[in-house]
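Descriptive structure summary
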Amino acid sequence: MATSPPRSPNSGDRPETTDLVVAAPAQPARIWNSLVARLPTLPNSLLLVAASDLLRRLLAVRRRRRRRRRPALPLPIYDDAASSARVSGEMPKAFAILEDIVQHTLSDLHSIQKSLLYWKSKAEGTNSHKMYFMMFERGPRAFLEATCQTLTRLRSNGSPSEYLLGSASDIVSVKLAVLTNMQHRLAAFLAEVYSEVDKCREGLTESSDESLHTLFVILNTVFPKLEVSLTNASEGQTLPFTHDENSSQLIFERLPEVDVESPQWSEALATDAISLIYQNLQKLDSFVSSQLSSHKKPRNMTIYWLPYTCGAIGLSACSLWLLRHSSLMGSSDMDNWIQDAKESVAGFWDEHVERPVISIRDELFETFKRTDKRVMEREEVQLTEESLHRMLITFCEQTSKEKLAQDASLQELLEIVMKRYEKESMHPIQNLFSGELARAMLIQVQKLKLDLQEAMLELDQILKANEINFAILAALPAFGLLLLLLFLVRAWAMHDQGAEGRGRIARHQRWQLLIEVERRLKEFKKCMINEMDEEASCKFGLTLYTLDRLYKAVEVHAKETGEWSSLRDDMFNLAKPNVGVADKLDVLKGLKWNYACLRPSLS
């Protein structure tokens, strides 16, 4: 018979039966239905019914979106299903239901894991962190209660710190115990599903009706075990499970195990059985949600209520103050402040940015314009120096009657001239017309001219340098703004490198998940050696959960690098219950070094 099982509650549409099963438990829908039922019969009651149906469907869509996750780790019959689908052209119908069950279980395990990580961080925190948690991270009501208890302890000469630390330890230990117990039982259920599916792979890969019959047999095996496990934990005295009218009694519906060849098998029977499966899933979700409602990680609004409250008060005070000085209250203060701010910004821009920049520009242009003039001045200095050198050479050769080298230094030549000048100056009147005194005085004048030209050239350079330095100092605010703009542009340009940094963080997280899988497998092996079957089932379920997280974390990057096909097969082998632990550990070693997407970042 052609029996179309409903799809996952988190993917696609389903028949009306299953849709009602999933949507009915929503609390707002029940409230709305009760209000509609109490209304008297009116001519427009059809409008109310339509509105009720629309609200129920909207809540169902919202619930599906909230629970939608990416495809989970493949089931142990992945290869067989693929080959069967290629032959028959249709995927076995039990697969969608099995994927739903695994998806629900993994989703609940993920919620529990997030809460466990939070409470473990509180348990490992320092005493000051625990006291801060008790006072400021449990909401306003808990803050008032902790304050009252602290004041009571102070009045009775007790130690409030010891009381707060003891209360924090009790709260954290209870929540860790409940969540750990829930995690272990759901992990054991997941491992049981994988094991039963692996045992019955032949029946699940048959025709649609035969696969559904095999699925019903499997679920009648695993659901009662989970029911007994959770009921014993709920009724036990060791763990404080939450009890309410929705979750105190967890009783799963038993599925019909009618043989496909029997005349009792019909499409209606299969549809009703599928509805019972989703009812059982809904009961499991309700039970887990009821437990997590008391023991899960608090919401961010509860954890950060004090900063949020202070921020809201500060924002409200600022808003009231601004409103008081705004034109809405008949005040012109805000307009005056805005006008003053505009004038201040304009003045700052004109004084510290625009004029200094223009000054620097003009000075640089003027410096470039005077380049030719300074070159000419240097040439004049060079000519004066050469003329003086020739005069010294000629004077020294005539007075000493010796041939001097043309590359003689100016200092040596001046020493000879000065000695001759001193000798001639002893009889100035006599040597004024007949001696070398006049020529020596001319040489002295030429030397003074050269010194003056060099001094003026150096002074001009010093003045220009000082002008430029003062202009740069005046333009420092403009340079500051320019540097700020450069930093902003650099931050924008380095956005891609920031993405690369996030890629390194993601690679590190994938490596940590791989290490966690290896640790879980070693714990599973140890439990198997010690013949701890129940604990081993739990460890295998936690291994599957960690593999599912690794599967989702590595999928996108592995597809980009072209490693996804072989990596998927290796991870599929890690999830198979019939593969030995030693072989799985060998596969893990290959995962560590054969795939670039799983190797840790070296930078």
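Residues numbered from 1 in each chain as written. Predicted model: local features only at pLDDT ≥ 70, side-chain atom pairs only at ≥ 80, totals over all residues. Heavy atoms only, no water.

Attention shifts here to helix 5 (residues 94-123). For helix 5, with 30 residues, the first-to-last C-alpha span of 43 Å sits near the 44 Å given by 1.5 Å per residue. In terms of residue burial, helix 5 counts as a mostly covered element, since 21 of its 30 residues are buried. (Helix = DSSP H or I, 4+ residues; strand = E, 2+ residues; numbered from the N terminus. Expected span 1.5 Å × (residues − 1). Buried < 20%, exposed > 50% of the residue type's maximum accessible area, 1.4 Å probe, protein only.)

Let us now look at the nonpolar core. Within the largest apolar cluster, 87 residues are counted, with the highest numbers of intra-cluster contacts made by Tyr 194, Leu 204, Leu 212, Leu 215, Leu 567 and Leu 598. Split by domain, this core shows at least three residues from each of two domains, domain 1 (77-239 + 248-298) and domain 3 (504-594). Counting residues in hydrophobic clusters, the runner-up holds 9 residues, among them Leu 392, Ile 393, Ala 408 and Val 417. (Core = buried A, V, L, I, M, F, W, Y, C linked by side-chain atoms within 4.5 Å. Domains from an automatic or database assignment.)

Next up on the list: the packing of aromatic side chains. Scanning the entire structure with this criterion turns up 12 aromatic pairs. Each ring, one from Tyr 304 and one from Tyr 308, has its centre 6.2 Å from the other, and the planes form 55°; the classification is tilted. Looking at Tyr 304, the relative accessible area reads 41%, which means it is partly exposed. Judged by centre distance (5.9 Å) and plane angle (55°), the rings of Trp 511 and Trp 593 are tilted. Taken together, the residues span a long stretch of sequence, with Trp 511 in helix 20 (residues 495-529) and Trp 593 in helix 23 (residues 581-594) at a distance of 82 residues. Since its relative accessible area comes to 14%, Trp 511 is described here as buried. Given a relative accessible area of 54%, Trp 593 falls into the exposed group. Here the aromatic residues Tyr 132, Phe 136, Phe 143 and Trp 305 are joined through ring pairs into a cluster of three or more. (Phe/Tyr/Trp six-rings, centres within 6.5 Å; stacked < 30°, edge-to-face > 60°.)

Turning our eyes to something else, we now look at the pattern of salt bridges. Any two side chains of opposite charge can pair, on the condition that their charged atoms come close. Tallied over the full model, the rule gives 15 salt bridges. Close ionic contact of Asp 198 with Arg 201 constitutes a salt bridge, the shortest N to O distance being 2.5 Å. On the accessibility criterion, Asp 198 (12% relative accessible area) is buried. Ionic pairing is found between Glu 257 and Arg 254, a salt bridge with its closest N-O pair at 3.2 Å. Salt bridges sharing partners connect three or more residues here, namely Glu 516, Arg 519, Arg 520, Glu 523, Glu 535 and Lys 539. (Salt bridge = Lys/Arg side-chain N within 4 Å of Asp/Glu carboxyl O.)

Our focus in this paragraph is the confidence of the model for the protein chain. With 67% of its residues at a pLDDT of 70 or more, the protein chain shows a mean pLDDT of 75. Ranking the elements of the protein chain by mean pLDDT puts helix 1 (residues 16-23) last, at 36, and helix 13 (residues 305-324) first, at 92. For the stretch residues 497-501, pLDDT sits under 50, and the model shows 0 contacts to residues farther than four places along the chain or on other chains. (pLDDT = per-residue confidence, 0-100. Contact = heavy atoms within 4.5 Å.)

Bringing unusual backbone geometry into the picture now. One non-glycine residue, Glu 531, lies in the positive phi region at around 60°. Its location among the elements puts Glu 531 in the loop between helix 20 and helix 21 (533-561). The exposure class assigned to Glu 531 is exposed, which follows from its relative accessible area of 68%.

Another aspect to go through is the packing of helix 5 against helix 8 (residues 160-199). Running from N to C, helix 5 and helix 8 cross one another at 155°; their axes reach a closest spacing of 9 Å. In terms of their interaxial angle, helix 5 and helix 8 are classed as roughly antiparallel. Between helix 5 and helix 8 the crossing geometry is left-handed. (Axes fitted to C-alpha atoms, helices over the stretch in contact; angles between N-to-C directions. Parallel < 35°, antiparallel > 145°, perpendicular 65-115°, else oblique. Left-handed = near helix turned anticlockwise from the far one by under 90°.)

This brings us to the environment of Val 102. Mapped onto the elements, Val 102 comes out in helix 5. Judged by relative accessible area, which is 2%, Val 102 ranks as buried. Setting aside anything within four residues of it in sequence, one finds Val 102 in contact with Leu 75, Leu 190, Val 193 and Tyr 194.

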